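Breakdown of the fold
The chain contents come next:
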Amino acid sequence: MCVICGCGEGDATVHKVGAAPTHEHDDPHVHTHADGTTHSHEHGIYHDHDHDHGHDHGHVHDHPHAPGHPRDLHVPGRDAQTIALETALLGKNQALAERNRGWLAGRGVLALNLMSSPGAGKTTLLERSILDLQGQVAISVVEGDQATLNDAERIRATGAAAVQVNTGTGCHLEADMLARALDLLQPAKGSLLVIENVGNLVCPALFDLGEKARVVIFSVTEGEDKPLKYPHMFSRADVLLLSKTDLLPHLRVDLQRMMGNALTVNPRLKIIPVSAYTGEGLDAWYSWLCDELGGLAESR
Amino acid sequence: MHELGITRNLVAIVSERAVGQKVLRVRLEVGRLSGVLVEAIRFCFDICSQGTPLEGATLQIVEVPGRGRCSACGAEPLLAAPLGRCPACREPSLRIVAGTELKIVEMEVESCV
């Protein structure tokens, strides 16, 4: 959440990379708040800010809570009625995710939600995979980042179609963002769709996008106990790619302990050590991808 | 921070179901294995409820403890974090059976006499 204007998940923008620009990239976007103060975002970021929040939360960190701030405003003498709701808080996202799932299944598209901490090597591994599987597997990509079109442009340079979602200040992708991206991207029937989530080992774990499988990338430089520190992410993953194995000669890391910790949190994890640079482990990764695609084709 | 989005959802859902009536109380169930921080929900609620029918409402949060069930030895350990390996028999046969709840149980609205 932006602590200045409070904008967050509701302000994600989706860009088709490679299409002729239909908007100004030079617009500095100066925002004026309810109290008259202003702030601006970096150049080159195209936002579709909707500040119609209905109430003023301009300076969140300034919110004063007077002592004895009343939380309970029951007025004696008024009737009150308790209504059972039993409603899932993430129900809306879940419903949209299921709709995405149905749409993807109908087209035989294998969708993977690729997650990791920032810098673990998601985009690099994707670039390598696209180049190696050229001619065999049609791949399209949804890139998620707070800002810049950099990752989508890197993917486009490999020849694959890509759409960039900029969350602004959001820290994870949600199902509605994927729906909008799919609208623009229109992945081909029977193809592979990789959703590269925002680099974050915490929040993306909670938000179903409609994917078939979750792939977590965890590099060998991140520490053996990471799976224990971020159990929610690792327990909800299907595949774990242990990346940057080419760096092992320079590190003092216990790979067995690293994998053991991951399996303690999630015994069903399929673990593949890989290096996008040397090519180690990539055959096993591609084999898994093709098996999944084949399984999808058979079930149609 | 994902709790902001979740709390905005909460306010939106309850406002819609309250149909113009003032909301006096909301009761949530948040499991200890849901990945959601209860204090962050409380913090966000104070902010998100302002100017809505939920402003000033009491927010009750029932925290449901995490529990697993082992298909190998039958143990039902309490869990503080997601876990797949049974702490009792060490087999990878632990399933989470409680603690992932994230729902609005009920709301109390002011009804006109």
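Conventions adopted
Residues numbered from 1 in each chain as written. Chains lettered and ligands numbered in written order. Predicted model: local features only at pLDDT ≥ 70, side-chain atom pairs only at ≥ 80, totals over all residues. Heavy atoms only, no water. Helix = DSSP H or I, 4+ residues; strand = E, 2+ residues; numbered from the N terminus. Buried < 20%, exposed > 50% of the residue type's maximum accessible area, 1.4 Å probe, protein only. Contact = heavy atoms within 4.5 Å. Areas by Shrake-Rupley, 256 points an atom, 1.4 Å probe, with all protein chains shown as cover. Core = buried A, V, L, I, M, F, W, Y, C linked by side-chain atoms within 4.5 Å. Salt bridge = Lys/Arg side-chain N within 4 Å of Asp/Glu carboxyl O. Pairing = 2+ DSSP bridges. Polar contact = N/O pair within 3.5 Å; in protein donor to acceptor, adjacent residues only side chain to side chain. Axes fitted to C-alpha atoms, helices over the stretch in contact; angles between N-to-C directions. Parallel < 35°, antiparallel > 145°, perpendicular 65-115°, else oblique. Left-handed = near helix turned anticlockwise from the far one by under 90°.

When helices and strands are tallied, chain A shows eight helices and 11 strands. Expressed as a percentage of its 300 residues, the buried residues of chain A come to 49%. Here the contacts in chain A between residues at least 6 apart in sequence split such that 72% fall between residues at least 24 apart. When the accessible area of chain A is evaluated, it comes to approximately 14100 Å², of which 50% is carbon and sulfur surface.

This brings us to the nonpolar core. Core analysis: the largest hydrophobic core is formed by 33 residues, its most contacted members being A:Leu112, A:Leu192, A:Leu241 and A:Trp285. At the level of elements, strand E5 (110-115), helix H2 (122-132), strand E6 (139-145), helix H3 (150-157), strand E8 (192-196), strand E9 (213-219), strand E10 (239-243) and helix H8 (282-298) of chain A are the ones that each hand at least two residues to this core. The element contributing the most residues to this core is H8(A), with seven residues. If sequence neighbours within four positions are ignored, A:Leu241 has contacts with A:Leu125, A:Val215, A:Val216, A:Ile217, A:Phe218, A:Ile272, A:Val274 and A:Trp285. Counting residues in each nonpolar core, the second largest holds 30 residues, with B:Leu10, B:Ile13, B:Leu102 and B:Met107 among its members.

Bringing the pattern of salt bridges into the picture now. Oppositely charged side chains can pair when the atoms bearing their charge come close. All names here are of chain A. Within the structure shown, the criterion is met by 16 salt bridges over all chains. Here Arg 257 ties to Glu 224 by a salt bridge, and the two come within 3.8 Å at their closest N and O atoms. One end of the pair, Arg 257, is in helix H7 (residues 255-265); the other, Glu 224, is in the loop between E9 and helix H5 (226-229), and 33 residues separate them in sequence. Judged by relative accessible area, which is 44%, Arg 257 ranks as partly exposed. A single network of salt bridges, built from pairs that share partners, joins Glu 98, Arg 101 and Asp 208.

All right, on to the sheet that holds strand E5 (residues 94-98) of chain B then. Residues and elements named next belong to chain B. Taken together, the three strands give an open sheet; going across it, the order is E4-E3-E5, and neighbouring strands pair in antiparallel fashion. In the strand order of this sheet, the two ends are held by strand E4 (78-79) and E5, each with one partner. Examined bridge by bridge, strand E3 (residues 66-70) and E5 share four bridges and lie antiparallel to one another. Opposite Gly 68, over in E5, you have Ile 96 as the bridge partner.

Residue and element names in this part refer to chain A. You can see His 15 is positioned in strand E1 (residues 13-16). Take His 15: its relative accessible area is 7%, and that puts it in the buried class. Within the structure, the side chain of His 15 is placed 3.1 Å from the side chain of Thr 13, a separation counted as a polar contact.

What follows covers the packing of helix H1 (residues 2-18) of chain B against helix H2 (residues 38-48) of chain B. Residue and element names in this part refer to chain B. Close contact between H1 and H2 brings their axes to 9 Å; oriented N to C, the two are set at 55°. Considering the angle they form, H1 stands oblique to H2. For the element pair H1 and H2, the recorded crossing hand is right-handed. Each of Glu 3, Leu 4, Ile 6, Thr 7, Arg 8, Leu 10 and Val 11 in H1 lies in contact with H2, whose residues at this interface are Ala 40, Ile 41, Cys 44, Phe 45 and Cys 48.

On to the sheet that holds strand E4 (residues 79-88) of chain A, then. Across the sheet, which stays open at both edges, the four strands sit in the order E4(A)-E6(B)-E1(B)-E2(B) with mixed pairing between neighbours. With partners counted over all chains shown, the strands left at the sheet margins are E4 of chain A together with strand E2 (58-64) of chain B, one partner each. Strand-to-strand twist of the sheet, defined as the mean angle between neighbouring strand axes without regard to direction, takes the value 15°. As defined by bridge partners, strand E1 (residues 23-31) of chain B adjoins strand E6 (residues 102-111) of chain B across seven bridges and the pair is classed as antiparallel. Following the sheet pairing, B:Arg25 is matched in E6(B) by B:Glu108.

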